[in-house]
Every structure is written in C-alpha cells, then in structure tokens.
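Letter by letter, the chains look like this.
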Amino acid sequence: MDYEFHWNTVLQKLPEMLEGAFVTLHVSVLSMLIGIVFAVLLAIVRMNNIKPFSYVAVAWVEVARNTPALFQIYMAYFGLGAFGIHLSPYTAVLSALIFINSGYLVETFRGGFQSIPKTQYSASKSLGMTGFQIYRYILLPQMFRRIYHPMTNQFVWSILMSSLGILVGMSELSGETQRLQSLSFRTLEFFIVAACMYYLITKLVLLAASLAARKLFRGEI
Amino acid sequence: MINIQNVHKSFGDLEVLKGIDLDVKKGEVLSIIGSSGSGKSTLLYCINAIEKIQKGKIIVDDIDVHHPDTNQDQLRQRLGMVFQQWNSFPHLTVLENAALAPRVVKKMSKDEAIVIAEKELIHVGLGDKFDEYPTKLSGGQQQRLAIARALAMKPNYMLFDEITSALDPELVGEVLDTLRILREDGMTMICVTHEIAFARDVSDTVAYFQHGVIEEMGPPDQVISNPQKETTQKFLSKVLS
Amino acid sequence: MGSLFTPLSWNDTGFILIGVWNTIIISVVAIVIGTLLGIIVGFIRSESSKVTNTLLGAFLDILRSVPLIIQLVLFSTFIGVMGHPLNPFIAGSIILSLYTMAFMSEVFRGGFDSVAAAMKVAGRSLGMTYWQTVSYVSFPIGIRTVFPSWLGVALSVIKDSALVSVIGYMELLRTSDQLISRTQQPLEILLGVGLFYFVISYPLSHYGKKIERNMAL
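All residue numbers here refer to positions counted from 1 along the written sequence of the relevant chain. By the order in which they are written, chains take letters starting at A while ligands take numbers starting at 1. Two thresholds apply to this predicted model, a pLDDT of at least 70 for residue-level local features and 80 or more for giving and counting side-chain atom pairs, whereas whole-chain, interface and lining totals are computed over all residues.

**Q** Requested: an account of the overall build of chain C, with residues and values cited.
**A** Note on conventions: DSSP H or I runs of at least 4 residues are helices, E runs of at least 2 residues are strands, and numbering of each starts at the N terminus. Looking only at helices and strands, one finds nine helices and zero strands in chain C. What counts as a contact is two residues whose backbone-derived C-beta atoms lie within 7 Å of each other. A fraction of 78% describes how many contacts in chain C between residues 6 or more apart in sequence connect residues 24 or more apart.

**Q** So what's going on with the interface of chain C and chain B? Which residues, and what values?
**A** Facing the 16 residues of chain C at the interface are 19 residues of chain B. Elements that contribute at least two residues to the side of chain C that touches chain B include exactly α5 (117-125) and α6 (130-145) of chain C.

**Q** Kindly report on the pairing of strand β8 (residues 188-192) of chain B, identifying the contributing residues and their values.
**A** Residues and elements named next belong to chain B. For β8, the tally of buried residues reaches five of five residues, placing the bulk of the element in the interior. In this scheme the burial state of a residue depends on its C-beta neighbours within 10 Å: 20 or more other such atoms mean buried, 12 or fewer mean exposed, and anything in between means partly exposed; the C-beta positions come from the backbone. A two-sided burial pattern is seen for β8, the buried positions comprising T188, I190 and V192 on one face and M189 and C191 on the other. Strand pairing is assigned whenever DSSP identifies at least 2 bridges connecting the two strands. Two elements, strand β3 (residues 29-33) and β8, share four bridges in a ladder whose sense is parallel. Directly across from V29, in β8, lies its bridge partner M189. Across five bridges, the pairing between strand β7 (residues 157-161) and β8 is parallel. Paired with Y157 across the two strands is T188, which belongs to β8.

**Q** Give me the lowdown on the environment of M161 of chain A, citing residues and values where you can.
**A** In this fold, M161 of chain A is placed in helix α7 (residues 131-161). Residues contacting M161 of chain A, with those up to four places away along its chain left out, are A69 and L97 of chain A.

**Q** Tell me about the packing of helix α5 (residues 89-114) of chain A against α7 of chain A, and please be specific about residues and values.
**A** Residue and element names in this part refer to chain A. In the contact formed by α5 and α7, the axes pass within 9 Å of each other and the chain directions differ by 160°. Viewed along their axes, α5 and α7 adopt a mutual orientation that is roughly antiparallel. Crossing hand, α5 versus α7: right-handed. Contacts between α5 and α7 involve L97, N101, Y104, L105, T108, F109, G112 and F113 from the former and M143, R146, I147, P150, M151, Q154, S158 and M161 from the latter. For the contact of α5 with α7, the residue count by class is ten nonpolar, five polar and one charged. For helices, the axis comes from a line fit to the C-alpha atoms of the stretch in contact; other axes are also lines fit to C-alpha atoms, and the angle between any two N-to-C directions lies between 0 and 180 degrees. If an angle is under 35 degrees, it is roughly parallel; if it is over 145, roughly antiparallel; if it lies from 65 to 115, roughly perpendicular; otherwise it is oblique. Rotating anticlockwise by less than a right angle from the far helix to the near helix defines a left-handed crossing, while the corresponding clockwise rotation defines a right-handed one. Note on residue classes: Ala, Val, Leu, Ile, Met, Phe, Trp, Tyr, Cys and Pro are nonpolar, Asp, Glu, Lys and Arg are charged, and everything else, Gly too, is polar.

**Q** I'd like to hear about the nonpolar core, residue by residue, with values.
**A** Where a protein is soluble and globular, its nonpolar side chains tend to be buried together. What makes a nonpolar core is a set of buried Ala, Val, Leu, Ile, Met, Phe, Trp, Tyr and Cys residues, with links drawn between C-beta atoms within 7 Å. Judged by nonpolar contacts, the single largest core of 178 residues is most densely connected at I73 and V93 of chain A together with I47 of chain B. Here this core takes twelve residues from α5 of chain A, the largest share from any one element. Not counting chain neighbours up to four residues away, the residues in contact with I73 of chain A comprise A92, V93, A96, L164 and V168 of chain A.

**Q** Residue-level account of the interface of chain A and chain C, with values.
**A** Each partner contributes residues to the interface: chain A has 30 residues there, and chain C has 27 residues. Looking at the side of chain A that touches chain C, the elements that each hand over two or more residues are α3 (53-66), α4 (69-77) and α9 (187-216) of chain A. In terms of residue class, the side of chain A that touches chain C is made up of 20 nonpolar, eight polar and two charged.

**Q** Hey, could you go over the arrangement of the chains for me, with residue numbers and the actual values?
**A** No other pair of the two pairs of chains in contact has as many contacts as chains A and C. Chain B makes no contact with chain A, the minimum C-alpha separation between the two being 23 Å.

**Q** Mind laying out helix α1 (residues 40-47) of chain B, listing which residues take part and the relevant values?
**A** Residue pairs three or four apart in sequence face the same way in an α-helix, which turns once every 3.6 residues. When you tally the buried positions in α1 of chain B, you get seven out of eight residues, the bulk of the element. Among the residues trailing α1 of chain B, A49 of chain B stands out with phi positive, at a value near 65°.

**Q** An account of the sheet that holds strand β5 (residues 63-64) of chain B is needed here, citing residue identities and associated values.
**A** Residues and elements named next belong to chain B. With antiparallel pairing, four strands are arranged side by side in an open sheet as β2-β1-β4-β5. Edge positions in the sheet fall to β2 (14-24) and β5, since each of these pairs with one other strand and no more. Where strand β1 (residues 2-11) and β2 come together, eight bridges link them in antiparallel fashion. Paired with H8 across the bridge in β2 is K18.

**Q** Hey, could you go over the environment of P203 of chain C for me, with residue numbers and the actual values?
**A** Residues and elements named next belong to chain C. By the secondary structure assignment, P203 is in helix α9 (residues 186-216). Its 11 C-beta neighbours within 10 Å are what place P203 among the exposed residues. Remark: the alpha-carbon pair of P203 and R64, spanning 139 residues in sequence, is separated by 27 Å.

**Q** Lay out the sheet that holds strand β10 (residues 213-218) of chain B with the relevant residues and their values.
**A** Residues and elements named next belong to chain B. Strands sit in the order β6-β7-β8-β3-β9-β10 across an open sheet of six strands; the sheet is mixed. One side of each edge strand has no neighbouring strand; the edge strands of this open sheet are β6 (79-82) and β10. Averaged over all pairs of adjacent strands, the angle between their axes in this sheet comes to 15°, without regard to strand direction.

**Q** Tell me about unusual backbone geometry, and name the residues and values.
**A** Here the amide bond leading from K51 of chain A into P52 of chain A is cis, since omega sits at 0°, within 30 degrees of zero. Even without being glycine, E162 of chain B reaches a positive phi, approximately 50°. Summarising the element assignment, E162 of chain B is placed in the loop between β7 and α6 (169-184). A count of 20 C-beta atoms within 10 Å places E162 of chain B in the buried class.

**Q** Help me get a handle on the environment of V157 of chain C, residues and values and all.
**A** Residues and elements named next belong to chain C. With respect to the helices and strands, V157 occurs in helix α7 (residues 147-160). Judged by local crowding, V157 falls into the buried class, with 23 C-beta atoms found within 10 Å. For V157 and I31, which are 126 residues apart along the polypeptide, the C-alpha to C-alpha distance reads 7.1 Å.

If you want it as structure tokens, here you go:
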C-alpha cells in the first residue's frame, strides 16, 4: 500500500465539518417536526375522508413512499425550476425530506392507531368517557408508545438521507466534506472521518431515544 | 424396556429431579401425576435427550441415553413424543406433517412415507383430512395429528406430555380415546397427565411426583383409589373435588 | 408546457433505456446477493452465542449507520488509492449488496427467531438432526413469515440504486440528469423517471401488504 495517511489536514478542518454536521442535524430535525405536522393533517384528512383533500393525501403518501429520495430532491431543486420556483439547496433538500417523512409517518400513525385493540375503546366508553377524553387519555398515549420506535428510525433515516445534499451543493456534512476534500485531495481521510461522524451521530441519537424511552415508558410493556 | 436410575436434573441452581428410579416394561402404560413444577414433564424430556441430566442413568432398549457416544438423533426414532402444544408444522399439510420424518430421517421414498403416514392418520381418525393445513383443524384434531406424526416413525415407546391440558373440554375425549386405542395396540406409553380418571382406567402403573421425587408409585387401585401417603391423599382431594 | 415528447429524439430514448436497464440490473444483483448473504448472516445471528452476535451486529450496524453515498464514495476512493480500481457497476454492486445484506440479515434474523423453539423440539423429537430440523422446519417457516419485510427492503434497494450514480454508474436518474442539461426540460423527464420507479414500486408494495394481511389471519 503506497498511500500515506495525512490526518492533520482533516483535523485542521474539523470545525468546518462539525458545522456541516450541525446543518445535517437541523435539517433532519426540521424535516421531522414539520413532517409530523403534515402527517397529522394527512391522517386526519384520510380518516375523515374529506374530499377532495383525501385524494391529494393518498397521492402524496403513495408518491412519497414509492419513489427514490434523490428523485424527490431533484424534483424540488430542478423540477420546480420549470415553474419558476428556484429553491436553495437547503430548502430543496428540506422540502423533499418533509414530503417523504410525512408520507411514511402517516402510515406509521395509521399502523400504530389500528394496532390498539378495539376493546380499549369500548372499555373506556362504558366508563362514561367522552370521545375527546378517550383520545387524550387512552388512545393517543398507547399510540405514542407504538410509534416511538418507527419514528426514531425515521429520524435516523432523515439524518442519513440528508447526505444527498452533496449532489445539489448543500452545505451539510457530506457537502462540506466534499468541498474540503476537493481543496486538499485528501479524499480518503476526509470521507473516513465523515463516515465516523455519521456513525457517532446515529448512535447518539439512538442512545438519546432509548434513554428518553426509558423515562417515558416506565412500567409499560 | 426403559430403565431410569437415580436421575438428578437441575436448571441452573434449581434442582428439578432429585433422584428418580423407575422402570417401564414393554407394553406397560405408566401415568405420572402431580402438580406443576414437580418435574414430571422434565423427566420425559430427559428420556428423549432433549434435556441433559446431571446425575444417574437412563437406559432405553439397552442404550445409555446420555452417554457421550450415543447417537441421540437415532435414539429418538425409538421414542415418540407428543406435546401439550401439539406443535404441528404449519407450512405442511396434515399428510406432509406425518410423512416428513419417515422420508427425511428414515430416508424412505416419498411413496413409502405416504403409505405409512396415511395408515397412522386413519388409525387416529384423520382419514378425511390429508390435504388440510393444520391451522384449519381443531385443537383435538391437531393433537391427534401430532400422535399420528409420532407413530409414523414406528417408535417402541410413546411419551405424552400433558397432551390434553391445552384443549377445550369437549375435545379432550377424542384424544383420550386415541390413547386407549394405542393401549389396545400394545404400545408402551408414559403419560404425564392431569386426567386422573383416565390414569385410573387405562394405566398399569401410576406414579405421583412431588417436588422432584416419586412420592408414591403402584397400580392405580392403590395410588389413586387407596393412596397410602398423606401427600398423595392431599393432592388427589384437591384435584378430584 | 409544450409538446411532451418533442425534445426526445430516438437517441435520447435509447439513452434513457440504458439508464432503465442499468437500474434494473444493479438492483437485481444487490437484491439477490443481499438476500443470500442476509439469510446466512441472519441465521448465524439467530443461532449464535452472544459474543459472535454482538461482533457481527456491530459490523452490520456500521453498514446501516453510514449513508450509502458515503459508503460508495469511500469504497471507490479506497480501491482507487489501493491501485485496484473497479468499474462503477462492480464497485456499486459490492457496496449496494453489502448494504442490502445489512438490512436483510435483520429481516431474516427476526424470521428465524420467530420460529418457536417448540417447533424445533418437535422436529428433534421425531429423530431429525439439527440440520434437518433447520432445513425442513425452521427455514421454511421463518422465510414465509418475513416475506412482506423482505419485499420492503427489496423495494428500498431499487430506490437506493439511484445513488450508485455518484461513482459514475449510469443508472436511470443520472442519465435523466444528463438529458435534462441537454434538453432543458427537467419537469417532463423527471416525471417520466418518477413514473418508472412508481410503476415498479407501487404494485409490489401493495401486493406485499395483501400478503401480510393474509398471513395475519
């Protein structure tokens, strides 16, 4: 092996890479938060069959789940250009991630909701609870427990998918890594460090999630 | 003949069998009764080497079951076992369930295996269910399938681990009737059971297990109808009331 | 918007079809190899001691925690540096297959674990050896149970194949990209490309859901 590793170059640029990682994190967090909002709206529209929005909702979910993330990003970045809408790389990636996350989360919510035994509903009704109370105290808490794990996975997915920003010139971790390595040609070292950073971020997120789970779900199954 | 000598078995720190001595002769029907946790089922699993023993010996047809040189897969062909949860293979039809082991273990041809499987299935009363999948059968039918599946291997001995405990009451009778048929056929059987009336009517010997030891053993006239020990009396009065 | 197909000459269509073909072929390779390796690894993890399991698990975890794009770039840079460059199809197939295997092994591990121990005891009690029980009982039952999840991973692979373009593989999205810069008609071309992915993914995923519902009965 003729290659000499020069880690110094990377270590000098570490702060800039960390800035990139920060962008990765906040685009992922935003895409999840806004994605959840849209997912709730979509779920409500679908469950109550509010036409014509329910057709839009179905189309949204099916397109989001059946086309590649990169395609969504290209659509947002290049496709919208045909309509005169020119999004920055950040906004394009964010929009694509929001679109996809909300599509997947609707299905997660639906699955979580449907997996609650119907007997929970009849039991609480017979105790005299109103519809709203049943949702607030019985159904939603149980649903939350069931969707917690899939939602954590969706968040991790968002973090990993944000790396596609590299292809549209976004300055998240991968994009920054690309930019920095092209200045010094220490490609291998830079991407190894980037890989390690992604791994650490993912592990930390999962660790935080399981710690939070322990606090939130004490004593439940 | 099955010969059990001073068998001790522990799960970790918990000793479940504390010195069992027992013989079962050819053609004999032995029923083992006792409360849960007394070690009855564990003994069966030790006989067919699914579980290991820490001390003692089990000899089946002059073969030391737990000897390191013993081929336990081969040994298990002589011992048929039926479980509380029938464990029928869900991905195979009734006929395929019964024909699988003869084909795969005894290396019979598919046709030979099917002939044997059909015979045993008819013997237990499932002659009209060959092409059904087990999930479509009732618990009693699946249990009879399990019996036929074990019989298809032509074992010398049949071990039954509480095979009626998981059944709805109205299905218990058909399974017990099947066991009576096997007794008529002269099969050597060890039945761990909660069905005391059955044990009394069908067995040659009854053993009452408690806390890993045999408290009392003898013909059903004695152990069930006229128990000598107080512990046996207490158990029976609780169960029969 | 103008006529949809005017800018697409016969050459262009051929060009796109190469992209389609390349997408299909690399997806199939990754799915097949990923499945085979996934079955083996999933089985090993299901039957192993804690130590083996944790070590294997850690390796697979890395594959699942680093973005695919980074893995592709890293691998192609590495082999270039080593002096053994591989063409994009082979390099891409290797990484995509390993990536798929990482997810498939979880699917199959779950499948094998879900086969109740009692099934295996029943098989052994009939005199079947360990491997006979695996072949005739554990494996067939485990595989059937996981079909819907397997399908889910397979569909993801088809979508992820788009990323192999990063190392120079001319799959569908990359060829469409080039076409867009030539014809300046991003919308129509992208819509066509999106339609391709959708037409493959949508029917299969609904078929999978139907199977899942039937199995639950």
